[in-house]
Amino acid sequence: MEPRKTLPSDRQPEGCLVVALRLPVRIVVLVLVVPVRMVWDALVVAGRVVRDTVLRPVGRGLLWLGRAVFVWPFVALWRWVVVPAGKALGWLGYVLLVVPAVWLYRYVLTPLGHAAAWVCRGIGASFAWLYARVLTPVGHAVLWVLRGIGAVFAVLGGGAWAAVTWLVRYLVVVPARWVYTWLLLPVARGVAWAVGMLVTGAAAVLYWTARVLFVLPALALWRWVLVPVGRVLAVVAREVGEAFGHAWRVAGRISRAVGRFLGTLFRWIFVEPVRWVYRSVLTPVGHAVRAAVLRPAAQAARSVGRAVRQTLAAARDTARQTRAELRRALFGAPREVEPADRREPVGRDTRTLGSSTTALTKD
């Protein structure tokens, strides 16, 4: 006997109510969602166009204006006013406050502090000698006397405390313990047992009364009314949600197809004619204008610029020569620097392996 096949956990069996509700709900939801999805897609496209063509340029302009109005003036104020003023105030404070304070500390307060420290050291040494030589022996003697007196009082107090403790133990504690053990504790246990029985009975009566009056009717209402109604509402809500999702996706495909159709229509009505005019009319006209007007004008401008540069270079050379002649006429020709005698030979007679220029090895 073959084992019975089970459905996967994510694919539960569907009843007739689900099958009967699914198709009408999806049709109604699709009819309601398609206009909303198309309006949504149109708003998204319009928003992107407005963002790219209006908001971004306006934002950049406002950003530049904000920098020009708020940032750059404060930067210039900080760099050219506040920082120099701060440096000047710092130098003035250093000269007027720090330097006098350092001089006062170094040449007035430091000597006074050294003198005060020397006086305090002398006073401290005097107090230390007084404490070690006078106060310490007197304190030791007083402490020895107080210890003796304390030992006497301790012996007397210990005897009195032992006597009082014995009397309290046998006159108060032992009788009180006997009364607690043989009288109070049995009475308390009997009272507690009686009270516990009464409380247990009352709790049982209240429990069964509440169970019969409240729990059982509420359980029946939950099991036979609320659970079936909740399951039906859950199925309806699930189907409506799935229908909305399916309708939203289908409406997206429909909106995409309509958008592509409108885009193609716009391209063939506006873009393609403009492209044909640009390619077939404006481009040849622009090439002709560039070849007939712009290139000759550019060549002429380059020739004029080259001639102007040559003229300016010749004028600069003439001015330089004129300044040199005036300087020579006013101050005379510059003195020529005599070449210094070098130990190395000049010209062809350079040092080789077979000759030397020193006095010891010269031929």
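Structure first, text after, so check above.
Residues numbered from 1 in each chain as written. Predicted model: local features only at pLDDT ≥ 70, side-chain atom pairs only at ≥ 80, totals over all residues. Heavy atoms only, no water.

We now examine the overall build of the protein chain. Scanning the protein chain from terminus to terminus reveals 1 helix and 0 strands. Residues classed as buried in the protein chain amount to 4% of the 363 residues present. In the protein chain, the share of contacts with a sequence separation of at least 24, taken over all contacts with a separation of at least 6, comes to 71%. (Helix = DSSP H or I, 4+ residues; strand = E, 2+ residues; numbered from the N terminus. Buried < 20%, exposed > 50% of the residue type's maximum accessible area, 1.4 Å probe, protein only. Contact = heavy atoms within 4.5 Å.)

Residues V29, V33, V34, A243, A247 and A251 constitute the largest nonpolar core, which totals 6 residues. Setting aside its immediate chain neighbours within four residues, V34 contacts A251 and I254. (Core = buried A, V, L, I, M, F, W, Y, C linked by side-chain atoms within 4.5 Å.)

Here the focus is the pattern of salt bridges. Oppositely charged side chains can pair when the atoms bearing their charge come close. Following the criterion strictly, the structure yields 5 salt bridges and no others. Here D41 and R37 are joined by a salt bridge, their closest N and O atoms 3.3 Å apart. Note that D41 and R37 are positioned in helix α1 (residues 16-331) at a spacing of 4 residues, about one turn of the helix. When sorted by exposure, D41 lands in the same class as R37, which is buried. Across the salt bridge formed by R56 and D52, the nearest N and O atoms sit 3.7 Å from each other. Pair noted here: R56 and D52 are both in helix α1, with a separation of 4 residues, about one helical turn. You can call R56 partly exposed: its relative accessible area is 44%. (Salt bridge = Lys/Arg side-chain N within 4 Å of Asp/Glu carboxyl O.)

Across all of its chains, the model carries 5 aromatic pairs by this definition. On the numbers, 5.9 Å between centres and 40 degrees between planes, the contact of W103 with Y107 is tilted. Pair noted here: W103 and Y107 are both in helix α1, with a separation of 4 residues, about one helical turn. Comparing W103 with Y107, the two get one shared label, exposed. Aromatic pair Y207 and W208: ring centres 5.5 Å apart, planes at 75 degrees, arrangement edge-to-face. Residue Y207 is classed as partly exposed on the basis of its relative accessible area of 46%. Given a relative accessible area of 53%, W208 falls into the exposed group. The ring of Y170 carries the charged tip of R169 above its face, separated from the ring centre by 5.9 Å. (Phe/Tyr/Trp six-rings, centres within 6.5 Å; stacked < 30°, edge-to-face > 60°. Lys NZ or Arg CZ within 6 Å of the ring centre and 35° of its normal.)

So yeah, pure geometry; function would need other evidence.
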